Structures are given as C-alpha cells and as structure tokens.
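Residue strings, one per chain:
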Amino acid sequence: MTTPTKQSCCGGTSKLQKPNKADARNWNGKYALSVTALALLWWLAYTTIQPVAHWLAISPLGLAPGSPAAASVEFFFYDTAKILLLLVSLIYAIAWARAGLNVERVRDYLSGKARGIGYFLGSAFGAVTPFCSCSSIPLFLGFTTANIPVGITMAFLITSPLINELAVVLLWGLLGWKITVAYVVVGMAAGIIGGYLMDAIKAERWLHPAILEAIASMPSQSAVIKASSSARKISVRERHNFAWAETSTIFQRVWKWVIIGVALGAGLHGFVPENWFAQHLGAGEWWSVPLSVLLGIPLYSSVTGIIPVMESLLAKGLPIGTTLAFCMSTVVVSLPEMVMLRQVMTARLLGIFVGYLLIMFTLVGWLFNIFGTFMI
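Cut-offs and rules
- Residues numbered from 1 in each chain as written.
- Predicted model: local features only at pLDDT ≥ 70, side-chain atom pairs only at ≥ 80, totals over all residues.
- Heavy atoms only, no water.
- Helix = DSSP H or I, 4+ residues; strand = E, 2+ residues; numbered from the N terminus.
- Buried < 20%, exposed > 50% of the residue type's maximum accessible area, 1.4 Å probe, protein only.
- Core = buried A, V, L, I, M, F, W, Y, C linked by side-chain atoms within 4.5 Å.
- Contact = heavy atoms within 4.5 Å.
- Polar contact = N/O pair within 3.5 Å; in protein donor to acceptor, adjacent residues only side chain to side chain.
- Salt bridge = Lys/Arg side-chain N within 4 Å of Asp/Glu carboxyl O.
- Axes fitted to C-alpha atoms, helices over the stretch in contact; angles between N-to-C directions.
- Parallel < 35°, antiparallel > 145°, perpendicular 65-115°, else oblique.
- Left-handed = near helix turned anticlockwise from the far one by under 90°.
- Nonpolar A, V, L, I, M, F, W, Y, C, P; charged D, E, K, R; others polar.
- Patch = residues over 30% accessible without salt bridge, like charges linked within 9 Å, V, L, I, M, F, W, Y side chains within 5 Å.
- Areas by Shrake-Rupley, 256 points an atom, 1.4 Å probe, with all protein chains shown as cover.
- pLDDT = per-residue confidence, 0-100.

A. Here's a closer look at unusual backbone geometry. Within the chain, K202 stands out as a residue other than glycine whose phi angle is a positive 55°. Relative to the elements of secondary structure, K202 occurs in the loop between α9 (177-200) and α10 (209-216). A residue is classified by how much of its surface remains accessible, and K202, at 51% relative accessible area, is exposed.

B. Structural detail: the nonpolar core. Formed by 71 residues in total, the largest nonpolar core has its most connected members in M154, V333, M345, F353 and F361. Ranked by residue count, the leading element in this core is helix α19 (residues 347-375), at 11 residues. If we skip the residues at most four places from it in the chain, M154 touches F140, G195, M198, M345, L349 and F353. Within the second largest apolar cluster, 6 residues are counted, among which are Y92, A95, A99 and F242.

C. A look at the side chain of S123. With respect to the helices and strands, the residue S123 is situated in helix α5 (residues 115-128). Since its relative accessible area comes to 0%, S123 is described here as buried. Engagement of the side chain of S123 in a polar contact is seen with the backbone oxygen of M188, the distance being 3.2 Å. S123 has contacts with A155, F156, T159, M188, G191 and I192, leaving out every residue within four places of it along the chain.

D. Up close: the pattern of salt bridges. Scanning the entire structure with this criterion turns up 1 salt bridge. For D79, the salt bridge identified is with K82, shortest N-O distance 3.8 Å. Here D79 and its partner K82 are both found in helix α3 (residues 68-98), 3 residues apart, which amounts to about one turn of the helix. For D79, a relative accessible area of 4% corresponds to the buried category.

E. View of the environment of T80. Note on placement: T80 falls in helix α3. On the accessibility criterion, T80 (11% relative accessible area) is buried. Considering only alpha carbons, one finds T80 and V262, 182 residues apart in sequence, at a separation of 6.3 Å. Once residues lying within four places of it in the same chain are set aside, the contact partners of T80 are I259 and V262. Within polar-contact distance, the side chain of T80 engages the backbone oxygen of F76 at 2.7 Å.

F. Local environment of the packing of α5 against α9. One can describe the packing of α5 onto α9 by two numbers: an axis separation of 9 Å at closest approach and a directional angle of 135°. Taken together, the axes of α5 and α9 are oblique relative to one another. Between α5 and α9 lies a crossing whose hand is right-handed. Here R115, Y119, F120, S123 and A124 of α5 come into contact with α9, specifically with M188, G191, I192, G195, Y196 and D199. Across the contact of α5 with α9, the residue classes tally to 6 nonpolar, 3 polar and 2 charged.

G. Quick peek at a nonpolar patch on the surface. A cluster of nonpolar side chains, namely W286, W287, L291, I359, L363 and W366, defines an oily patch on the protein surface of about 640 Å² accessible area. The greatest single-element share of the nonpolar patch, amounting to 3 residues, is contributed by α19. Considering the arrangement of structural elements, one finds L363 in helix α19. The exposure class of L363 is partly exposed, given its relative accessible area of 48%.

H. Examining the confidence of the model for the protein more closely. Per-residue confidence for the protein averages 78 on the pLDDT scale, and 77% of its residues sit at or above 70. Ignoring residues within four places in sequence, the model shows residues 220-231, a span with pLDDT below 50, making 12 contacts including any to other chains.

Encoded structure:
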C-alpha cells in the first residue's frame, strides 16, 4: 500500500502529516494539570474573599468596624472579586461545553414543542444556582450568545437571584413552610411568565447590538468547530482555544461595568439606613407596596443577605407583602444589575424587563398582604 502524498510548494512531493497523537496526549495532560491547579487557586480565592475584604476595609484603610464606610468598602471588595471570578469561570466553562454542542439542535429543541418545558427548566436552573442578580449575568451572557431563546434566559435571570437553597432554609425558619413554599412558587412563576412574555414580544430584537453581532457571527467564528463536530471528536485544544477567545472577548467588554455597578451598590449598601423603610411603610396602605418596590431599586443585596433585613422589617411591623415586594425588588431590580444589563439589552428591552418585574412584585406584595396572615 503506497503512502499518500501531496504536491509541495516547490513542485516536489511530501508525505501527508498525520496528527501526532503523542503530542496531543502530552498537551492534554499538561492542560489537565493546569486546569486542576487553576481550579484549586480559584476555589482558594473564592473562599477567602470575605475575610480578605474585611481585612482590607479595617486594617490597611483604618476604617472603624461597623461604620458605613467600612461596610461599603468591604462590600465593594467582596462583590467585585466574587463577580469577576464567577464571570471568568462560568463564561469559560459554558464556552468550553458549547464548542462541542450542536447549538442548532439545542436551539431547535428549546424553540419548538419544548418551549414551555424550556421556561420551566430555565426557571428551575435559576432556583438551584446560588447567584445574586449581578452574578447571574455571566450565565445570561453565555446562554444568549449560545442562541438559547431569550425567554428561557430571562426565566433564568429572574428566578436565579430570588431563590436558592440557603434562602429556602432561612425563610423556612423565619416564616414557616407555607410562606416558603408560596415564595418559591411565586419566584419560579415570575420567571416562567416573564420568559413567555419576552418570547411573545420577540424581545431578542432588542438585545444590545454587540450581542446581536456576536450571535450573527457565530457560524463564521466557529465554522471549523461546528463542521468538525459532525465528522470527528473535537480536540481539547480546540475547545480551550474557542473558550478562551470567548471569555476574553466578553470579559474585556463588561469588566468595567461590573466595577461601576458594584461601586454604586456598595455606597448604597453602607450609607442608606434600613430603619427608614420600616418607619415610613408600616401602615399597610395599598400604595405602600408599589412604593416599597420603587424604594428597593436603588439598593442591592443577595437573597441570603436580604433575609435578615426581612426579619427586622417584619419585627418592626411592616406587612409581609410589603416586605416581600421591597426585598424582591432589592434583590432583582437593583441599579447595579441595571447598569450591567444595559450592556446586554437596549434601553427599550431593559425598560420592558424592569416594568414587568415592578408590576409582578407589586402584585405579589398585594397578594401576600391579603392572604399572608393566613399562611403564618
């Protein structure tokens, strides 16, 4: 059997170069070791953010423990580091997996008969991921650029900051199982309904132009990977190259907005007194619910961070529906999140998204004010 040859650039012939399997195995081994080492460093950094942020606020800067300035600075260091770490790791992981997926098949599955299931799955995935509103945006970016329907990504984006396992445990201990179950059902329903409405109005047309360009250029950017996925197994190096390029592009575009958004939230977190709300919204009038929703917008907190605030507000006489509406608005419709989402959505889509959430949270507040006393 003769060895295949090809015409060389000088007119002669040369043997076709076969892939060097030994080199590929050697590269894969080094890659695995590097990923393991980086994963350990990532976990070490992620688990030490809180004490390091506290130390930076107190020791080098000399701020008084418990002061508004110390709380703001600690919040800024903690959330900035946490979100940037999540941004890099999640975008890379999603892109690495997406390099080997048939995106068209996944998109067609979620866009067809399974769309209703997709809303539920997006909302359920949001409920089991322990992310705050700003931390959910990296995954939202990954889903959007993967051509997953906007409604499903919206279902995830709405539900993720509202529900997680720690919040469920804390709510159960604070308000009992009836309120906890109702809160989880309402949170997931808000995501599912929001996803359906976003698809109904074809919200994808109002994504940020940069996102639309990224989606439109996907076939040309990953043509080699997509073409090879049907013919052969994609190499680890190809996956890494694709994922690293995707991560670098997205990170360079959003990192500054992460810092700006967290800085804004940090200032509000440290200097806006919590008691003010209980003092002015404790009477339970109908207008107190939409007002509490509006007042929650400038603030920023995770759901686990807001639950102790819920406890203090309820202890000071604020109705349960008003309290839930305020806290849900604080968790999901915060100014820092809006600043970052503006890099993903046009002003029109962002306005529709925020308007839907404000209406939904107001309805939830009124509902719980009416029936909440029977659940406690």
